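Single-letter residue listing:
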Amino acid sequence: MAAGKGCCNALGRCIFEYETPKVLVIQNKTVGIINRLIQASIVGYVIGYVCVIQQGYQDTDSVISSVTTKVKGNALANIPDLGVQAWDVVDYIIPPQAQNSFFLLTNLIVTQNQTQSTCAELPSPSTICTSDSNCTAGFSNVHGNDAEEFTVLIKNSIQYPKFNFNKRNILPHINSSYLKGCIFHRQTDPDCPIFRLKDIVVGANEDFQAMAVYGGVIGILIDWSCDLDMSENKCVPKYSFRRLDNKSPNNNVARGYNFRFAKYYKDCDDMDQRTLIKGYGIRFDVIVFGQAGKFNLVPTLVNIGAGMSFLSLVNAVCDWVALTFLKKRNYYSKHKYIHLDENDDTEETMYGTQ
Amino acid sequence: MAAGKGCCNALGRCIFEYETPKVLVIQNKTVGIINRLIQASIVGYVIGYVCVIQQGYQDTDSVISSVTTKVKGNALANIPDLGVQAWDVVDYIIPPQAQNSFFLLTNLIVTQNQTQSTCAELPSPSTICTSDSNCTAGFSNVHGNDAEEFTVLIKNSIQYPKFNFNKRNILPHINSSYLKGCIFHRQTDPDCPIFRLKDIVVGANEDFQAMAVYGGVIGILIDWSCDLDMSENKCVPKYSFRRLDNKSPNNNVARGYNFRFAKYYKDCDDMDQRTLIKGYGIRFDVIVFGQAGKFNLVPTLVNIGAGMSFLSLVNAVCDWVALTFLKKRNYYSKHKYIHLDENDDTEETMYGTQ
Amino acid sequence: MAAGKGCCNALGRCIFEYETPKVLVIQNKTVGIINRLIQASIVGYVIGYVCVIQQGYQDTDSVISSVTTKVKGNALANIPDLGVQAWDVVDYIIPPQAQNSFFLLTNLIVTQNQTQSTCAELPSPSTICTSDSNCTAGFSNVHGNDAEEFTVLIKNSIQYPKFNFNKRNILPHINSSYLKGCIFHRQTDPDCPIFRLKDIVVGANEDFQAMAVYGGVIGILIDWSCDLDMSENKCVPKYSFRRLDNKSPNNNVARGYNFRFAKYYKDCDDMDQRTLIKGYGIRFDVIVFGQAGKFNLVPTLVNIGAGMSFLSLVNAVCDWVALTFLKKRNYYSKHKYIHLDENDDTEETMYGTQ
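On a predicted model such as this, the values are computed, not experimentally measured, just so you know.

Explanation requested: the overall build of chain A in the structure shown.
Each helix and strand counted, chain A has 10 helices and 19 strands in total. In chain A, buried positions account for 53% of the 354 residues. For chain A, the share of sequence-separated contacts (at least 6 apart) that also reach a separation of at least 24 residues comes to 70%. When the accessible surface of chain A is summed, it comes to about 15,300 Å², and 58% of that surface belongs to carbon and sulfur atoms.

Would you take a moment to explain the environment of Ser176 of chain C for this structure?
If you trace the backbone, Ser176 of chain C turns up in helix 5 (residues 176-181). Residue classification places Ser176 of chain C among the buried residues on the basis of a relative accessible area of 18%.

Explanation requested: the pattern of salt bridges in the structure shown.
Opposite charge on two side chains makes pairing possible when the charged atoms of those side chains draw close. A full pass over the atoms with the stated rule returns 15 salt bridges over all chains. A salt bridge links Arg243 of chain A to Glu206 of chain A; the nearest nitrogen and oxygen atoms lie 3.1 Å apart. Here Arg243 of chain A, found in strand 15 (residues 238-243), pairs with Glu206 of chain A, found in the loop between helix 6 (197-203) and helix 7 (208-214); they are 37 residues apart in sequence, far enough to count as distant. In this structure Glu206 of chain A comes out as buried when scored by relative accessible area, which is 14%. With its nearest N and O atoms 3.0 Å apart, the salt bridge here joins Asp199 of chain B to Arg196 of chain B. On the basis of relative accessible area, Arg196 of chain B is assigned to the partly exposed category, the value being 26%.

How should the sheet that holds strand 2 (residues 23-27) of chain C be read in this particular structure?
Each strand in a sheet pairs with its neighbour through backbone hydrogen bonds, running either in the same direction (parallel) or in the opposite one (antiparallel). One open sheet holds the three strands; their spatial order is 19(A)-2(C)-1(B), and the pairing between them is mixed. Of all strands in the sheet, those with a lone pairing partner are strand 19 (337-340) of chain A together with strand 1 (17-21) of chain B, marking the two edges. With strand direction ignored, the average angle separating the axes of adjacent strands in the sheet is 25°. As defined by bridge partners, strand 19 of chain A adjoins strand 2 of chain C across four bridges and the pair is classed as parallel. Considered in strand 2 of chain C, the bridge of Ile338 of chain A is made with Leu24 of chain C. Here helix 10 (residues 329-336) of chain C sits on the sheet and contacts strand 19 of chain A, strand 1 of chain B together with strand 2 of chain C; the angle it forms with strand 2 of chain C, its principal contact strand, is near 165°.

Is there a simple way to think about the pairing of strand 13 (residues 216-223) of chain A in this case?
Across a regular strand the side chains alternate sides, sitting on one face of the sheet and then on the other. All names here are of chain A. The element strand 13 is largely enclosed, with a buried count of eight among its eight residues. The alternating pattern of strand 13 places Gly216, Ile218, Ile220 and Ile222 and Val217, Gly219, Leu221 and Asp223 on opposite faces, both of which are buried. Relative to strand 15, strand 13 runs antiparallel, the two being bridged by six bridges. When the bridges of strand 15 are listed, Asp223 appears paired with Lys238.

Mind showing me how you'd approach the UniProt feature "binding site: ATP" (unreviewed entry) in chain A here?
All names here are of chain A. UniProt marks Lys70, Val71, Lys72, Thr151, Asn258, Phe259, Arg260 and Lys278 with the feature "binding site: ATP" (unreviewed entry), using the numbering shown here. For Thr151, the location among the structural elements is in strand 10 (residues 151-160). With relative accessibility at 19%, the residue Thr151 sits in the buried group. Residues within four places of Thr151 in sequence aside, it is in contact with Lys70, Val71, Lys72, Ile183, Ile194, Phe195 and Arg196.

Can you help me understand the packing of helix 8 (residues 297-308) of chain B against helix 8 (residues 297-308) of chain C in this one?
If you want to describe how two helices pack, look at the angle between their axes and the distance between the axes. Two elements in contact, helix 8 of chain B and helix 8 of chain C, have axes whose closest approach is 8 Å; the angle formed by their N-to-C orientations is 65°. The orientation of helix 8 of chain B with respect to helix 8 of chain C, classified from their angle, is roughly perpendicular. Judged by the twist between their axes, the crossing of helix 8 of chain B over helix 8 of chain C is left-handed. The residues of helix 8 of chain C that touch helix 8 of chain B, namely those facing Val298, Leu301, Val302, Gly305 and Ala306 of chain B, are Val302, Asn303 and Ala306 of chain C. Within the contact of helix 8 of chain B with helix 8 of chain C, the residues separate by chemical class into six nonpolar, two polar and no charged.

Would you explain the packing of helix 2 (residues 29-53) of chain B against helix 8 of chain B in this entry?
Residues and elements named next belong to chain B. The geometry of helix 2 relative to helix 8 is characterised by a closest axis approach of 9 Å and an angle of 155° between their N-to-C directions. Of the possible angle classes, the one that applies to helix 2 and helix 8 is roughly antiparallel. Seen from above, helix 2 lies across helix 8 with right-handed handedness. Contact with helix 2, carried on its side by Ile42, Val46 and Val50, involves Asn303, Ile304 and Gly307 of helix 8 and no other residues of that element. A breakdown of the residues in the contact of helix 2 with helix 8 according to their chemical character gives four nonpolar, two polar and no charged.

I tried to follow helix 10 (residues 329-336) of chain A on my own but got confused; where do I start?
Given 3.6 residues per turn, any residue in an α-helix points the same way as the ones three and four places further on. Those residues of helix 10 of chain A not exposed but buried are Tyr331, Tyr332, Ser333, His335 and Lys336 of chain A. The inward-facing, buried residues of helix 10 of chain A contact strand 2 (23-27), helix 9 (311-324) and strand 19 of chain A, strand 19 (337-340) of chain B together with strand 1 (17-21) and strand 2 of chain C.

How should I be thinking about the packing of aromatic side chains in this particular structure?
Aromatic ring pairs: the centre-centre distance and the angle between the two ring planes describe each pair. Enumeration according to the criterion identifies 30 aromatic pairs over all chains in this entry. Look at Tyr160 of chain A and Phe165 of chain A: their rings are 6.3 Å apart centre to centre, the planes differ by 35°, and that puts the pair in the tilted class. Take Tyr160 of chain A and Phe165 of chain A: they sit in the same class, and that class is buried. Measuring from ring centre to ring centre gives 4.8 Å for Phe184 of chain C and Phe195 of chain C, while their planes differ by 35°; the resulting arrangement is tilted.

How should the state of the cysteines be read in this particular structure?
By definition, a disulfide is the covalent link that joins the sulfur atoms of two cysteine residues. Residues and elements named next belong to chain A. The full count for this structure, using the stated rule, is six disulfides over all chains. The disulfide partner of Cys226 is Cys235, and the gap between their sulfur atoms is 1.8 Å. Note on the Cys226 and Cys235 pair: the S-S dihedral is about 85°, so by sign convention the disulfide is right-handed. A relative accessible area of 9% means that Cys226 is categorised as buried. When the cysteines engaged in disulfides are numbered in sequence order, chain A pairs them as 1-2, 3-4.

What exactly am I supposed to notice about the sheet that holds strand 14 (residues 226-227) of chain B here?
Residues and elements named next belong to chain B. Spatial strand order, 3-18-14: three strands in an open sheet with mixed pairing. Where the open sheet ends on each side, the last strands, each with one partner, are strand 3 (58-62) and strand 14. Across two bridges, strand 14 lies against strand 18 (residues 291-295) in parallel orientation. Counted as the bridge partner of Asp227 is Gly293 from strand 18.

Would you mind going over the environment of Lys162 of chain C with me for this structure?
Position of Lys162 of chain C relative to the elements: it lies in the loop between strand 10 (151-160) and strand 11 (165-168). In this structure the C-alpha to C-alpha distance between Lys162 of chain C and Ser65 of chain C, which are 97 residues apart in sequence, comes to 14 Å. Once you skip the residues sitting within four places of it in the chain, Lys162 of chain C turns out to touch Gln291 of chain A together with Asp59, Thr60 and Asp61 of chain C. At 2.8 Å, the side chain of Lys162 of chain C forms a polar contact with the backbone oxygen of Thr60 of chain C.

What is the right way to look at unusual backbone geometry in this model?
Both trends apply: most residues other than glycine have a negative phi, and most peptide bonds are in trans. Residues and elements named next belong to chain B. Even without a glycine there, the phi angle at Gln55 is positive, about 50°. Mapped onto the fold, Gln55 is located in the loop between helix 2 and strand 3. At Asn164, a position not held by glycine, the phi torsion is positive, near 50°. With respect to the helices, strands and loops of the structure, Asn164 is situated in the loop between strand 10 (151-160) and strand 11 (165-168).

Would you mind showing me how to read a nonpolar patch on the surface here?
A grouping of Ile33 and Leu37 of chain A together with Leu11, Ile15 and Phe16 of chain C is seen on the molecular surface, where their side chains present a nonpolar patch of about 430 Å² in accessible area. Those elements that place two or more of their residues in the nonpolar patch are helix 2 (29-53) of chain A together with helix 1 (2-16) of chain C. Ranked by the residues each element gives to the nonpolar patch, the list is headed by helix 1 of chain C, at three residues. Along the chain, the position of Ile15 of chain C falls in helix 1. For Ile15 of chain C, a relative accessible area of 31% corresponds to the partly exposed category.

Which parts of the structure should I look at to understand the environment of Gly305 of chain C?
Tracing the chain through its elements places Gly305 of chain C in helix 8. C-alpha separation for the pair Gly305 of chain C and Val46 of chain C, spaced 259 residues apart in sequence, amounts to 9.3 Å. Setting aside residues no more than four positions away along its own chain, Gly305 of chain C makes contact with Ala306, Ser309 and Phe310 of chain A.

Sorry, what's going on with the confidence of the model for chain A here?
Interpretation of the predicted coordinates at a detailed level should be avoided for regions scoring low in pLDDT. Residue and element names in this part refer to chain A. Considering every residue of chain A, the mean pLDDT works out to 76; 70% of them sit at 70 or more. The model gives residues 347-354 a pLDDT under 50, and that stretch makes 11 contacts with residues more than four places away or in other chains. Here the prediction assigns the complex a pTM of 0.79, and the interface score ipTM is 0.75.

The rules behind the values
- Residues numbered from 1 in each chain as written.
- Chains lettered and ligands numbered in written order.
- Predicted model: local features only at pLDDT ≥ 70, side-chain atom pairs only at ≥ 80, totals over all residues.
- Heavy atoms only, no water.
- Helix = DSSP H or I, 4+ residues; strand = E, 2+ residues; numbered from the N terminus.
- Buried < 20%, exposed > 50% of the residue type's maximum accessible area, 1.4 Å probe, protein only.
- Contact = heavy atoms within 4.5 Å.
- Areas by Shrake-Rupley, 256 points an atom, 1.4 Å probe, with all protein chains shown as cover.
- Salt bridge = Lys/Arg side-chain N within 4 Å of Asp/Glu carboxyl O.
- Pairing = 2+ DSSP bridges.
- Axes fitted to C-alpha atoms, helices over the stretch in contact; angles between N-to-C directions.
- UniProt positions renumbered as here; feature names shortened; annotations may be inferred.
- Parallel < 35°, antiparallel > 145°, perpendicular 65-115°, else oblique.
- Left-handed = near helix turned anticlockwise from the far one by under 90°.
- Nonpolar A, V, L, I, M, F, W, Y, C, P; charged D, E, K, R; others polar.
- Phe/Tyr/Trp six-rings, centres within 6.5 Å; stacked < 30°, edge-to-face > 60°.
- Disulfide = S-S within 2.5 Å.
- Polar contact = N/O pair within 3.5 Å; in protein donor to acceptor, adjacent residues only side chain to side chain.
- Patch = residues over 30% accessible without salt bridge, like charges linked within 9 Å, V, L, I, M, F, W, Y side chains within 5 Å.
- pLDDT = per-residue confidence, 0-100.

Laid out in structure tokens, this is it:
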């Protein structure tokens, strides 16, 4: 009963009382200005740097993407043992159905009429020389300067699932007549999704002719970094090109890019045969990346809150200044501190004894 | 020596003394309640919103994934110049070994017996007309209604490396007898990894027949977002379907999806020949995404700490209320503030002079 | 005018005055030590755990990557109806141009001379038996022990766009002579990008022979987690291997890995024919992941700030101790608190009445 009453009092006091620190107001320009300056700089940092520059008020999500590529073009190829041939995309581009990566055949070695029972580059004296002779003989630069003019249409559909945001690199304002004619150009046509292969290679600071011989890998990087608090129209892909494979001379065993493939058929004796082709060329990888940011309460308050907690440092600094450097430091500390001595039960200040 | 002694004293004082602010207890219901309300709302925000809703106590990781797809089904195809043919998956699905993307051939244009020396769609009058005639002639809708019944088995293995967590979309409770028969259905069979192609297209709000003519790209999105603080059984994939390619009429040059490929062979005169096929169809992209969260001390304390620092604002607000609006504001501020004047060395309060 | 003057005074006071709390200094070892201990532990947590262990001072970015793989090796295959054949990579590896995934053919079923007009595994009595007989007959383990010795060269180029950081798994110190000879070994050659397929399977704790029969999927995981505040040389890929497909016996319908593909040709009557091959084998997926961290001011200050705000808890704890447990608690609280009563206008302390 009494306990209950005491408990009620405690609760009442807890709710109906308000505790506020007793403060000392020091009328001193120096420390007053220092105080405001530090406070201003902290607030300035939180608002200016964290929120505006680093956009700490945003939640972020990573892009998910789907890519389709389609290459167009024709060329003439002069292949030893086969003579001049007309080649088109179907022959040049492998695999025909390119997704986020396609390969441009620029150079090949043909080894004809291999039957699997005899010569498949087995390490036996006979076959080695055979294949060797074939290979060295068949070496030929298919189209050093034909295929540069090839163009590729890149269709890229991206999504930021967290923000339920979808977009394509074929922007809404692009119409079909423009798409039929345009070629990507950083200044004049930055939104055109059709790229001349030569431009891509040049954009990666490489020489097409040089790459055509031994092949290589070039990345078509599509950056979808977006600030979704801005207008949706401002969220557009940024294209850049970079050589991805190693071309340093000191470990050139891994240089270039090539692979073997075969065309299979049967001769009239119904024997399985194949034409083995070692293809050199340039592989183009479409690499999509990016992060989108959108306002979210939690990161905002976390950044502001963390910044504010630095305000508690201001007092420490200013007290230190006021009680160490100011002329009247003793006068200040005499009023700031009340020393309660362990041994004595009566209030006394260290300075009171002076 | 003396300095050392003084240093020791300072250190001793620093360790054995405890500084606590002298506080004023204002017994006023208004400000007392305001004080508690603001405090409660801040604590409520940190606990309720940050921790419970936004799960700010969790560290996150992005999914890495590997996908295998296998399509099953048969159909009859009526191809001009070739007559009725029985087609199966090998003919329909390109490439045969589908990984995270497979292509369903729904429509094709056949150009037969091309020898690379003559017609490869070179821009010369003769060949143009040739290929044109072939192409227009060979147009045929292979299986508008056959292949809808095709099914695809999607095997998806994911990993959250940061949490060393692995899982497959073929859930542990799924047994082989169920897998043999089941077809994915959002309500009845949400865990079955076998999808009827028609259901996928319908799920993306598209018409199979319409897409079959010009082709298109459909995304099979697998969302692996998981709360790893919950039971592992709760971490299951969520499937959704969406059309990825552009179908807006105003830029239909990039409409649909098709590509050319060739079947190579030699005729009996040992001449290289090929059958050129322009294939229209639907490409299905399996896109896996998701983020997993798991308890981690750092984000937890960062969120709580940042939230707590807002508690320092409570005093500012309540002081402002108490010293501005309350009837006895002068009485309060007289006791709260002690003004130390720059010029005077004796304590006096601004109000003491009143 | 007067208002303006008052306003100026207020502003002047706001700038030139400094408010600091009046503090009570309690000279008591117990509470003094408690005070310092808690402070030290908080500072220790922020510096030690958040900054050093969890590297909370870093901004992070996710890797983007491009992979090229090239398999080398030869083997002898004994295929029913075809006899012993020499097979090389072109026959074994599908597709020939492997990107981040390649398939090793270890087992196959050959169905010869199918004409699409007759037998394409249509569900009709005649064809079913045909294909069945073919299929069962053609079953053969191509190279249980041949192809283990195959090696794969993995070229991986990665990028951390946020930090503009590029690197390849062929590290600068690797020269061509080393690359020609080396085979990856966790202890002796951890930097060699050439892997023996057998080692990969063993590294995934699997038996090559067992997998060769029904096939499977194995992941080659490349972890590029890097601390970019350290030397760039310390940022090297870490390789690991793991079986990705399901091998649990209770749902073995989805067991293993296989797919059908066909070799197309024409017979001399110019009839389209194909050899249908059901290939079993091991698919190797190269999965690249990782996160890079680099110093950034914002996360640093957020972590420190959030940590600091816990310092405000120290006072609460120590006051509680001092005013509850210490012998002289009444003496302390008498000096700490000044109670302003709602009803009275003269200062009085709760204890003053005692």
